[in-house]
Amino acid sequence: MIGESAEAVLPAAHLLAPLVAGLALAATGLTADQVPARLNRTCQAGLGVLIGSYLNPNTLAHASGAVLPLTVVTAATIGLCLLAAAGMARTGRIDRASATLGMVAGGSAAVISTAQEHNADSRTVAFLQCLRVALVAATAPLVVHWLISPQPTAPGTATPYTAGGWRLVTGDHQGIGLLLLAGVAFAGILIGRAVRLPSPALLGPMLITAAVTAGGFSEEFAPTGLLRAFLFTIVGLDIGLRFTRPAMAHIRRLLPLALCCTVAISVACAGLAWVLSATVRIPLADAYLATTPGGINAVLATAVATHADVSLISSVQSVRLFIMVLLAPLIIRLFTPRAVSPGNAQT
């Protein structure tokens with residue numbers, strides 16, 4: 001329960017804590033080393049399997065009853081993110097690739113881990129993503145408490161927000177699960193490179209896992225518990241080590257604009273929640289938790305604590321997260337055809 005319980009208190013704890021540690025080491029000049037590229041790619045593949053596992057039959061079944069509204073809400077969220085990114089790129093002296101990836105609402109660890117592959121500044125992307133996650137985590141419980149009074153959970157109701165404990169993968173047979181995980185990750189990277197997917201180390205394993213789990217086959221190889229915490233830890237540490245003193249100065253100047261854009265997206269998503277609630281006729285609090293711009297761990301923890309419809313909320317968040325991570329590289333290619341390199345983006 002270590003990994004999940006920590007994120008219930010501090011969402012993305014295993015991403016944020018090593019990021020801060022790496023930042024301290026880099027900013028003070030104690031180390032100039034980076035996480036090895038091979039280890040970084042391996043962690044991307046693990047994250048791809050994790051995200052792909054969200055698209056399981058239960059998730060698809062819960063989301064199938066509101067396909068059109070959910071499609072509209074997801075498309076609107078993507079549009080809001082692109083609009084905010086365009087505004088930041090125009091007024092914040094930040095390259096378009098970094099702004100776009102930084103404002104993608106969902107899959108923060110996966111997005112951060114692939115930033116450099118898209119000529120984006122991973123430090124700026126990490127800052128914008130962590131700011132969004134922190135804002136969602138801080139406000140979601142307050143908003144839900146204001147919207148509703150918690151109701152008791154019906155007897156026998158199961159929630160998908162379960163702990164990984166000391167397991168490394170989700171299945172009962174850890175050895176077999178780890179072998180399947182390694183096989184899917186390796187095959188996904190090879191196929192991703194063969195078909196020239198953007199971010200093949202992430203998207204290849206993600207698409208293979210999604211196809212396997214959506215087809216109702218075994219999903220007992222998704223990272224969980226300590227392995228999931230390790231993946232987030234490496235991603236966080238890798239980004240934190242890139243925060244030099246000049247980068248910190250740039251981020252400090254970017255904070256007011258980033259905060260305004262993040263708040264604006266969150267408020268707009270709350271408006272989308274009202275539309276979804278009125279259209280599908282679900283409680284406004286459930287719709288709000290289902291449409292928050294990311295922060296899935298904080299959202300699910302809040303849903304459990306307030307006895308909301310966890311299945312619905314998990315379904316909507318998981319499907320949107322999958323779509324966001326899948327589309328992010330394509331959005332970069334479409335909207336940043338001449339993205340500058342990270343070395344030129346920061347001064």
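About the criteria used
Counting from 1, residues in each chain are numbered in the order their sequence is written. Totals for whole chains, interfaces and linings use every residue, but because this is a predicted model, local features are given only for residues with pLDDT of at least 70 and side-chain atom pairs only at 80 or more, for both listing and counting. In computing side-chain values, all of the structure's heavy atoms are included and hydrogens and water are not. Within this document, salt bridges are pairs made up of a side-chain nitrogen of Lys or Arg and a carboxyl oxygen of Asp or Glu, the two lying within 4 Å of each other. Summary of the burial criterion: residues with accessible area below 20% of their type's maximum are buried, those above 50% are exposed, and those between are partly exposed, where the area comes from a 1.4 Å probe applied to protein chains only. What counts as a helix is a DSSP run of H or I of at least four residues, what counts as a strand is a run of E of at least two, and both are numbered from the N terminus. A helix is expected to span 1.5 Å for every residue after the first. UniProt positions are given in the numbering used here, feature names are shortened, and annotations may be inferred rather than shown by experiment. Definition used in this section: a nonpolar core is a set of buried Ala, Val, Leu, Ile, Met, Phe, Trp, Tyr and Cys residues joined via side-chain atoms within 4.5 Å.

1. Thoughts on the pattern of salt bridges
- For the structure shown, the criterion picks out two salt bridges.
- Asp121 serves as the salt-bridge partner of Arg123, at 2.9 Å between the closest nitrogen and oxygen. In this structure, Arg123 and Asp121 share a single accessibility class: buried.
- Across the pair Arg167 and Asp172 runs a salt bridge, and its minimum N-O distance is 2.9 Å.
- On the accessibility criterion, Arg167 (36% relative accessible area) is partly exposed.
- Looking at Asp172, the relative accessible area reads 59%, which means it is exposed.

2. A short note on helix 11 (residues 225-240)
- The end-to-end C-alpha distance of helix 11 is 22 Å, a good match for the 22 Å that 16 residues give at a rise of 1.5 Å each.
- For helix 11, the full list of buried residues reads Gly225, Leu227, Arg228, Ala229, Leu231, Phe232, Ile234, Val235, Gly236, Asp238, Ile239 and Gly240.

3. Thoughts on the UniProt feature "transmembrane region" (unreviewed entry) in the protein chain
- Summarizing the sequence annotation, UniProt attributes the feature "transmembrane region" (unreviewed entry) to residues 66-86, 176-195, 225-243, 255-275 and 318-336 in the numbering used throughout.
- Within the segment residues 176-195, helix and strand shares are 95% and 0% respectively, and the terminal C-alpha atoms sit 28 Å apart.
- In residues 225-243, the share of helix is 84% and the share of strand is 0%. The end C-alpha atoms are 28 Å apart.

4. Observations regarding the nonpolar core
- Counting residues in hydrophobic clusters, the biggest one holds 59 residues, and the most contacted among them are Leu47, Met88, Leu101, Met103, Leu128 and Val325.
- With eight residues, helix 15 (residues 310-335) is the single largest residue contributor to this core.
- Of all hydrophobic cores here, the second largest spans 20 residues; its members include Val73, Ile282, Val299 and Ala308.

5. Re helix 3 (residues 37-52)
- Between its first and last C-alpha, helix 3 extends 23 Å over 16 residues, near the 22 Å set by a 1.5 Å rise per residue.
- If you check which residues of helix 3 are buried, you get Asn40, Cys43, Gln44, Ala45, Gly46, Leu47, Gly48, Val49, Leu50, Ile51 and Gly52.

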